[in-house]
Amino acid sequence: MTRPVDPEGRAARFIALEMHESTHDRLVWGMRHNRDKAVAGVPEWEDLRELASRIKDHTLTHLDHYLEEFEANAIRLGTHVHWARDAEEHNAVVYDVLAAHRVKSLIKSKSMLQEECGMTPYLQKRGIEVTESDLGERIQQLADEPPSHIVVPAIHKLRTDVAALFAEKIGTDPKDSDPHDLAEAMRQNARPKFMAADAGMTGANFAVAETGGFVVCTNEGNADIGAAVPPLHVASIGIEKLIPRARDLGIFIRMLSRSALGSPITQYTSHFHGPRRGGELHVVLVDNTRSDRLGSPDFWHVLKCIRCGACMNTCPVYRRGGGLSYGATYSGPIGVILGPGFDLSKYRELPFHSSLCGSCTEVCPVKIDISDQIYKWRRVVAAKGMLPLAKRVGMSALGATLAHPSLFHAAEATGEWALAHLPRFLLYNPLNPWGKRRELPAVPKQTFRQWYLENRRTS
Amino acid sequence: MSARDAILAAVRKNLPRPAVPLPENPGPERKGVKHGLGYKEHLTRLPEVPGAPDVNEPLLPYFRRQLEAMGGRSFEAADAAAAGAKVADLFPDAKVVCSAVPEVPGTRTIETVRDPHELNDVDVGVVRSPLGVAEAGAVWLTQADLVVNALGVLSQHLVVLLDPAAVVETMHDAYGRIDLAASPYGVFLAGPSATGDIEGVIIHGAQGARSLTVLLIDQTSR
Ligand code: SF4
């Protein structure tokens, strides 16, 4: 059995860094707050959610058809279409394309799929220089850490951390931690790399079957530079990214950035249909366990995810513990339900890294039943006998009580206040390792325990 | 079996059941359609949302407000001469002004550019957009408008000419008007390049253009 990642230990180390924890909490909660404001400006929001959810349901229940339609249309536009069953095959396909074009250096924009496949180390081992161009992603690359958030990868770092890192790696003044200066330094550092790159790589937010093209959303425009300057553009696309019609983009684009950051749209919403003038375009359609997931009645809905990060921003456990605590490519509630599907043994602790407060399900723009899926993964883990003893008493106590419907609904009813304040109670109660370093709650230990034991018998 | 056939076979074997029918996407059509999507349709349901459009408000002020919220700015230009003067006025120190529009000649025309790398020294790029989207504060640009796509992202500053009559309400309207497959590249550009990656501080000019200026000028002003 694979040694599991240890989310509690990692979270405890993050929480111990007081400034980091409080800043992270404030910033991430701020994104959730901005999301609410943006959503309030779209009165038909619930109609959009329902449509988005059903369009994704439809696409996934007809995925073979839409993959073939996308492929045929993409080829017609002059795009080279490749397929990859798993991470290894994806990396090999990408390497073959790059090697055939004698690519020495590559500039890439953020792609969680390429992260998932471990593509960068694979290519580097084979002599290709790979540079991340998204600022947050580049910070993480220089720090030799995975992204801690799927939208803002370095959100767990303070400006002083970035200043120290840039001073060491790209020679900036260690005393200058003004974010404007740091961003400018990175712009100056990255531009020559864009100019010298032999290829640009991107992911994709959506792939449109009807047109055979794909959409990449960024705020920096870095994907656009990577696609527009080097002669070769390679995009990795998970097979779940398909949507049927071009006009469906209206629904998804209206929701994506509002859910993520609270802006009506990302600064750049870029559509790629065939190679640009003088360029060459390759796409790799990647399965990597997605088709397995499709066959699971309990868990296939996770494939509807549009990677907006709203569930992470609202999650009390994520906000306090930080994304790196999950020890997985995807963190937050979406990571909790994706991780075990990749490797149950390794990520068996993740379903317990949640308070099951249900807020993630509420904010999800495509209506994924996230908290139900977390609960179901707990049962899968428990059924396999993979729970360590401490978990059965401590962690699952918290989980089980909060999974109880009446408590769950009470939490829902108390709304915004509860969400902002409930975490203090949840996290600082003595049964919870995340709260260990903090003040004890008003609830006496004995009472809570007794109450839990009662509760367990009746649930 | 090829990867392609293996993946398609695995997908086919595992398709979730029951199959869900494709919902109609009502798009922006409002008249006579019950569930049209778009802000005017729903204005009566809008509570007091700051910055939200007013029921009787024309589209343009809303577009300009949203563009500003995204970090862009806009000016009215009466004719080609005024547009050229505005560019000179806004960017007095610009050495290289690369233009893809006849209204503003600049110092270099995009047609003379053979390779995108030649655009690395551009201070100001000038292009024309055929479509603006009010709710997003965005302009639509394709390879046909940019000629060399890199002009939109390598220019230090970008100026976009837009006919005020070409502004639509929502993204639904916008997607109803464009033919994606007709151009290898098309971008909705809402303000300049931006990042919030260091402690959430919004910074313009992350990798692409440092500023985005929309000049509102009639298409017929040429
Ligand atoms: S699960 Fe939902 S809320 Fe979370 S990232 Fe995916 S789409 Fe966004």
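Residues numbered from 1 in each chain as written. Chains lettered and ligands numbered in written order. Predicted model: local features only at pLDDT ≥ 70, side-chain atom pairs only at ≥ 80, totals over all residues. Heavy atoms only, no water.

How do you make sense of the overall build of chain B when you look at a structure like this?
Looking only at helices and strands, one finds seven helices and twelve strands in chain B. Burial analysis of chain B (222 residues in total) assigns 57% to the buried set. Restricting the contact set of chain B to residue pairs at least 6 apart, pairs at least 24 apart contribute 67%. (Helix = DSSP H or I, 4+ residues; strand = E, 2+ residues; numbered from the N terminus. Buried < 20%, exposed > 50% of the residue type's maximum accessible area, 1.4 Å probe, protein only. Contact = heavy atoms within 4.5 Å.)

Mind showing me how you'd approach the overall build of chain A here?
Across its full length, chain A carries 22 helices and ten strands. A buried classification covers 64% of the 459 residues belonging to chain A. Summed over all atoms, the accessible surface of chain A reaches about 16,000 Å², with 53% contributed by carbon and sulfur. (Areas by Shrake-Rupley, 256 points an atom, 1.4 Å probe, with all protein chains shown as cover.)

How do you make sense of the interface of chain B and chain A when you look at a structure like this?
It is common to give the size of an interface as the accessible area that goes away when the parts come together. In this complex, chain B contributes 82 residues to the contact, which on the side of chain A involves 96 residues. Summed over both partners, the interface of chain B with chain A buries about 7,400 Å², with 60% contributed by carbon and sulfur atoms. By the criterion of area lost to chain A, the three top residues of chain B are Asp197(B), Glu199(B) and Gln207(B), representing 12% of everything that side buries. In this assembly, chain B and chain A are joined by eight salt bridges. Residue Arg12(B) is joined to Glu68(A) by a salt bridge in which the shortest nitrogen-to-oxygen separation is 3.2 Å. Applying the counting criterion to the chain B and chain A interface returns 42 residue pairs in polar contact (both at pLDDT 80 or more). At the level of secondary structure, the elements contributing two or more residues to the side of chain B that touches chain A comprise helix 1 (3–14), helix 2 (39–42), helix 6 (151–154), helix 7 (171–177), strand 9 (185–189) and strand 10 (194–195) of chain B. The element best represented in the side of chain B that touches chain A is helix 1 of chain B, accounting for nine residues. Here the residues of the side of chain B that touches chain A are counted per class, giving 48 nonpolar, 24 polar and ten charged. (Buried area = accessible area lost by both parts, 1.4 Å probe. Salt bridge = Lys/Arg side-chain N within 4 Å of Asp/Glu carboxyl O. Polar contact = N/O pair within 3.5 Å; in protein donor to acceptor, adjacent residues only side chain to side chain. Nonpolar A, V, L, I, M, F, W, Y, C, P; charged D, E, K, R; others polar.)

What exactly am I supposed to notice about the sheet that holds strand 2 (residues 97–99) of chain B here?
Strand-to-strand pairing in sheets goes through backbone hydrogen bonds, with the strands running parallel or antiparallel. All names here are of chain B. Taken in spatial order, the six strands make up an open sheet running 1-12-7-4-2-3, and their pairing is parallel. Among the strands making up the open sheet, the edge pair consists of strand 1 (73–76) and strand 3 (108–109). Strand direction decides the pairing type here: strand 1 and strand 12 (residues 211–216), joined by four bridges, are parallel. Paired with Arg73 across the two strands is Thr213, which belongs to strand 12. (Pairing = 2+ DSSP bridges.)

I tried to follow the site of the ligand on my own but got confused; where do I start?
Taken together, Cys305(A), Ile306(A), Arg307(A), Cys308(A), Gly309(A), Cys311(A), Ile334(A), Cys364(A), Pro365(A), Val366(A), Ile368(A) and Ile370(A) make up all the residues around the ligand. Of the residues belonging to the shell around the ligand, the class tally is ten nonpolar, one polar and one charged. (Near = heavy atom within 4 Å.)

Please clarify how empty space enclosed by the protein should be interpreted in this entry.
It is a probe the size of a water molecule, rolled over the atoms, that shows where empty space is left. Here the structure, examined in full by the defined rule, presents five cavities of 30 Å³ or more. Considered as a void within the structure, the largest cavity measures approximately 120 Å³ in volume. Lining the largest cavity are 16 residues; nearest its centre among them are Ala227(A), His233(A), Phe272(A), Arg276(A) and Asn149(B). For the lining of the largest cavity, the secondary structure elements donating two or more residues are helix 11 (222–228) and strand 10 (280–286) of chain A. Looking at the lining of the largest cavity element by element, the count peaks at three residues for helix 11 of chain A. Tallied by class, residues from the lining of the largest cavity come to nine nonpolar, four polar and three charged. (1 Å grid on protein atoms, 1.4 Å probe; cavity = no way out; pocket = protein on both sides within 12 Å on 5 of 7 lines; lining within 4 Å. Points joined across faces, edges and corners; volume = space filled by probe spheres on them.)

Quick question: what am I supposed to make of the nonpolar core here?
Soluble globular proteins: nonpolar side chains tend toward being buried together. Ranked by internal contacts, the top residues of the largest apolar core, which has 150 residues, are Phe214(A), Leu119(B) and Phe188(B). Counting residues per element, this core draws most heavily on helix 12 (residues 248–260) of chain A, which supplies seven residues. Formed by 21 residues, the second largest nonpolar core is a distinct cluster that contains Ala84(A), Val103(A), Ile128(A) and Leu232(A). (Core = buried A, V, L, I, M, F, W, Y, C linked by side-chain atoms within 4.5 Å.)

Looking at this structure, how should I read the confidence of the model for chain B?
Per-residue pLDDT for chain B has a mean of 90; in total, 87% of the residues score no lower than 70. Interface scoring of the predicted complex returns ipTM 0.94; its pTM is 0.89. (pLDDT = per-residue confidence, 0-100.)

How do you make sense of the environment of Pro7(A) when you look at a structure like this?
Secondary-structure assignment places Pro7(A) in helix 1 (residues 7–16). Separated by 343 residues in the primary sequence, Pro7(A) and Leu350(A) have C-alpha atoms spaced 7.0 Å apart.

Quick question: what am I supposed to make of the pairing of strand 6 (residues 213–218) of chain A here?
Where a strand is regular, its side chains alternate between the two sheet faces. Residues and elements named next belong to chain A. By the criterion of burial, strand 6 is predominantly enclosed, with six of the six residues buried. Residues of strand 6 alternate between two faces, with Gly213, Val215 and Cys217 on one and Phe214, Val216 and Thr218 on the opposite face, all of them buried. Looking at chain direction, strand 5 (residues 206–208) and strand 6 are connected through three bridges and run antiparallel. Across the sheet, Val208 pairs through a bridge with Gly213, a residue of strand 6. As defined by bridge partners, strand 6 adjoins strand 9 (residues 268–272) across five bridges and the pair is classed as antiparallel. Across the sheet, the residue bridging to Thr218 is Tyr268, located in strand 9.

Where do I start with the state of the cysteines in this structure?
Each disulfide consists of a covalent bond between the sulfur atoms of two cysteine residues. All names here are of chain A. Per the stated rule, a full pass over the model turns up zero disulfides over all chains. Take Cys117: it sits in no disulfide, and the sulfur closest to it among the cysteines is that of Cys305, at 16 Å. Exposure remark for Cys117: the relative accessible area of 7% places this residue in the buried category. (Disulfide = S-S within 2.5 Å.)

Could you clarify how one ought to interpret the packing of aromatic side chains in this entry?
Geometry of an aromatic ring pair is reported as the spacing of the ring centres plus the angle between the planes. Applying the stated criterion to the full structure yields eight aromatic pairs over all chains. Among the aromatic residues, ring-to-ring pairing joins Phe214(A), Phe272(A) and Tyr185(B) into one connected group. Looking at Arg293(A), its charged tip hangs above the ring of Phe342(A), at a distance of 5.6 Å from the centre. (Phe/Tyr/Trp six-rings, centres within 6.5 Å; stacked < 30°, edge-to-face > 60°. Lys NZ or Arg CZ within 6 Å of the ring centre and 35° of its normal.)

How do you make sense of the layout of surface pockets when you look at a structure like this?
All names here are of chain A. Estimates place the volume of the second largest pocket at around 620 Å³. Lining the second largest pocket we find 28 residues, and of these Glu115, Gly118, Pro121, Pro146 and Pro147 sit closest to its centre. Listed by contribution, the elements that provide at least two residues to the lining of the second largest pocket are helix 6 (112–116), helix 7 (119–125), helix 8 (135–142) and helix 16 (332–342). The element best represented in the lining of the second largest pocket is helix 7, accounting for four residues. Of the residues contributing to the lining of the second largest pocket, the split by class is ten nonpolar, nine polar and nine charged.

What is the right way to look at the side chain of Arg245(A) in this model?
Among the structural elements, Arg245(A) can be located in the loop between strand 8 (242–243) and helix 12. Accessibility expressed as a relative area gives 17% for Arg245(A), which makes it buried. A polar contact of 3.0 Å, which involves the side chain of Arg245(A), links it to the side chain of Asp248(A). Discounting chain neighbours no more than four positions away, the residues touching Arg245(A) are Ile55(A), Val208(A), Glu210(A), Leu22(B), Pro23(B), Glu24(B) and Asn25(B).

So what exactly am I meant to see when it comes to the sheet that holds strand 8 (residues 167–168) of chain B here?
If you walk across this open sheet you meet the eight strands as 8(A)-5(A)-6(A)-9(A)-9(B)-6(B)-5(B)-8(B), and the pairing is mixed. Each edge of the open sheet is held by one strand with a lone partner, namely strand 8 of chain A together with strand 8 of chain B. Relative to strand 5 of chain A, helix 12 of chain A is tilted by about 170°, and along the sheet it contacts strand 5, strand 6, strand 8 and strand 9 of chain A. (Axes fitted to C-alpha atoms, helices over the stretch in contact; angles between N-to-C directions.)

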